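# Reading the structure
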Amino acid sequence: MKDRYDVIVVGAGPAGSTAARFAASGGASVLVLEKDRDVGYPVRCGEAVSHEGVVQFIEPDPRWIAATVSRFRIVSPNGKSIAPRLDGTAYVLERRIFDYELAKLAVREGAEIVTKAYVYDLLRDGEDVVGVWAVVKDEKVEIRSKIVVGADGVESRVGKWGGIDTTTSIHDMESCAQLTLSGIEVEQGILDFYFGEHVAPGGYVWVFPKGKDSANVGIGISVDQAKEKSAVQYLEEFVQKKYPNAGILTRIAGGVPCAKTCDKIVKNNIVLVGDAAHQVNPTSGGGIISGMIGGMIAGQVIGETISKSDIAHLKEYADRWHKRLGWRHEVFYGIKEAISAFSDETLNKICEDGLKLPEEKRTVGGIFRTALWNQPSLLLDVAKVFFS
Amino acid sequence: MTSSPELCSNQREEGQVARNTPLMIHIVPGKCDFCGCCVGVCPEDAIELMEAEIRIIDARCTNCRKCVWACPWEVIEFHREGIDQLPKVVSLPQERTPSF
Ligand SMILES: Cc1cc2nc3c(=O)[nH]c(=O)nc-3n(C[C@H](O)[C@H](O)[C@H](O)COP(=O)(O)OP(=O)(O)OC[C@H]3O[C@@H](n4cnc5c(N)ncnc54)[C@H](O)[C@@H]3O)c2cc1C
Ligand code: SF4
Ligand code: SF4
């Protein structure tokens, strides 16, 4: 590790590694600092991504694909379910391997990565941010850089230190818990989503297959809608009912900022990507691919900025993000707000009306068009929501 | 060790709460999963979260309780009477080891 780089990336999740990869390939010298001892671990994620999303960045590899799926099923509060087709294929990943591969791609382009390196503040020269303070191998060190990228996930603080308010409101924060279960009966080709006030207020329970007999069974609930109980209590009740004898291989907590993109994702020489920038799809809570898209755009703009020696060029990143995905996330945010306001009766009705459709019309769009005829503005985008 | 009649953990009881003294937000030792959900909702940047250590920064905390409600794991508690007698720094007895 040197004491000076063009760019320091805080956090080696999918967004940070991708930003590092593209900044390095654009000619910048890049250091990635990760507080955990291990890239990609612990895995706080349901691990579902679309094929189209992944292939933009990396060739699908069976080493990090636990299951391939082609349908998803919505289970309504009264237990009736409907399983529309997906437009394409989706995967359930092994993120501990996937995140490693993304980090390796960054290293291959020339980025350096250091784990067990906790960034605790920005380094300043007067008002200017000139790098970061970090604890590396139990020692406090200052490392200088022209640009600091906050890729520090849901717990992001880099933006706050740099004067960008990245606090997630309790309305938008999904409080999550997940168990990876084994020894259970689980259909491999399908992603399950359970909805309902008593199942997961303001969110859903997911069951994503992870190979024979195994699945990620998780929950996200809206912090301000869930009244008395915590996410882990809701989840344990669900699992107790559905999979009482399962083996529990992993047990994790997590949070997902299901919000619109932060108002600012660039300020002077500070850049935010991924969860830190609230680049999660607000309807589905999926943030792997969208965070990588954010990271890629940021990395490209950083490469250009360094070769032009013009920090003002960083603003391009915000513009390109909004053109590529930011505007869609605003639409998805509206859809999330509408869905989370549905009562259990409405959810049941959507499912029942959908089941009346002939099989070939049971696409996501078909179902919602039939059921929500009185809210036509929402219908068409719903089909794209879960896997964009 | 943490049960107390004043404990209002995870309840949406809003209202005025005195600021800062004594600290009313308490992290139950040994329970945290270090997931960061609480840090994401803290409006005061009053939570320090490392690989296996979490700490409330007393001087910044306003006792707003958003972290209490957000925590998926029921790790953070609110004590109306303050918690000066309870430990504030919590680390794991040993570091996580990767499982592969
Ligand atoms: C329970 C759960 C289920 C999910 N399911 C899905 C899903 O099925 N599909 C999907 O697409 N998305 C899912 N998501 C969302 C997805 O996990 C995130 O959007 C994605 O991981 C964001 O990537 P990131 O790189 O922005 O952040 P992260 O992956 O969170 O990486 C941030 C990194 O920064 C490090 N860091 C933080 N602070 C510091 C610091 N001060 N110094 C050094 N390093 C630091 C962290 O240790 C971490 O490694 C889920 C999330 C949760 C919680
Ligand atoms: S009570 Fe409020 S200010 Fe204090 S740590 Fe929790 S969220 Fe932050
Ligand atoms: S939300 Fe709860 S489990 Fe997660 S880091 Fe905060 S205190 Fe720990």
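### Considerations on the side chain of Ser 175 of chain A
If you trace the backbone, Ser 175 of chain A turns up in strand E11 (residues 173-182). A polar contact is formed between the side chain of Ser 175 of chain A and the backbone oxygen of Ala 70 of chain B, at a distance of 2.7 Å. Apart from the residues lying within four places of it in its own chain, the contact partners of Ser 175 of chain A are Ile 219, Gly 220, Ile 221, Val 223, Ala 231 and Gly 254 of chain A together with Cys 37, Ala 70, Cys 71 and Pro 72 of chain B.

### What about the interface of chain A and chain B?
Opposite the 40 residues of chain A that make contact, chain B presents 34 residues. At the boundary of chain A with chain B, total buried surface from both sides reaches about 3,100 Å², with 52% on carbon and sulfur atoms. A per-residue breakdown of the area chain A buries against chain B is headed by Arg 37, Arg 157 and Ile 170 of chain A, which together make up 18% of the total. Summed over the shared surface of chain A and chain B, the result is four salt bridges. Scanning the region where chain A abuts chain B turns up 16 residue pairs in polar contact (both at pLDDT 80 or more). Counting residues per element, the ones that place at least two in the side of chain A that touches chain B are helix H3 (95-108), strand E8 (117-125), helix H4 (158-161), E11, helix H5 (231-242) and strand E15 (247-257) of chain A.

### Structural notes on unusual backbone geometry
Residue and element names in this part refer to chain A. Note that the residue after Tyr 41, namely Pro 42, is joined by a cis bond; omega there is -5°. Counting through the fold element by element, Pro 42 comes out in the loop between strand E2 (30-33) and strand E3 (48-50). At His 278, a position not held by glycine, the phi torsion is positive, near 60°. For His 278, the location among the structural elements is in the loop between strand E17 (270-272) and helix H6 (288-308). With phi around 50°, Ser 309 is a residue other than glycine that occupies positive phi space. Structurally, the position occupied by Ser 309 is in the loop between H6 and helix H7 (315-341).

### Topic: the site of ligand 1
Residue and element names in this part refer to chain A. Near ligand 1 lie 35 residues; those nearest to it are Glu 34, Gly 46, Ala 48, Val 119 and Asp 275. A distance of 2.9 Å separates an oxygen atom of ligand 1 from a polar backbone atom of Ala 15. A distance of 3.0 Å separates an oxygen atom of ligand 1 from a polar side-chain atom of Arg 95. Compared with its free state, where it exposes 1,000 Å², ligand 1 has 90% of that area covered by protein. Class assignment for the residues of the shell around ligand 1 results in 16 nonpolar, ten polar and nine charged. When residues of the shell around ligand 1 are assigned to domains, at least three fall in each of domain 1 (4-44 + 96-168 + 259-334) and domain 2 (70-87 + 170-257).

Thresholds, definitions, all that
- Residues numbered from 1 in each chain as written.
- Chains lettered and ligands numbered in written order.
- Predicted model: local features only at pLDDT ≥ 70, side-chain atom pairs only at ≥ 80, totals over all residues.
- Heavy atoms only, no water.
- Helix = DSSP H or I, 4+ residues; strand = E, 2+ residues; numbered from the N terminus.
- Polar contact = N/O pair within 3.5 Å; in protein donor to acceptor, adjacent residues only side chain to side chain.
- Contact = heavy atoms within 4.5 Å.
- Buried area = accessible area lost by both parts, 1.4 Å probe.
- Salt bridge = Lys/Arg side-chain N within 4 Å of Asp/Glu carboxyl O.
- Near = heavy atom within 4 Å.
- Areas by Shrake-Rupley, 256 points an atom, 1.4 Å probe, with all protein chains shown as cover.
- Nonpolar A, V, L, I, M, F, W, Y, C, P; charged D, E, K, R; others polar.
- Domains from an automatic or database assignment.

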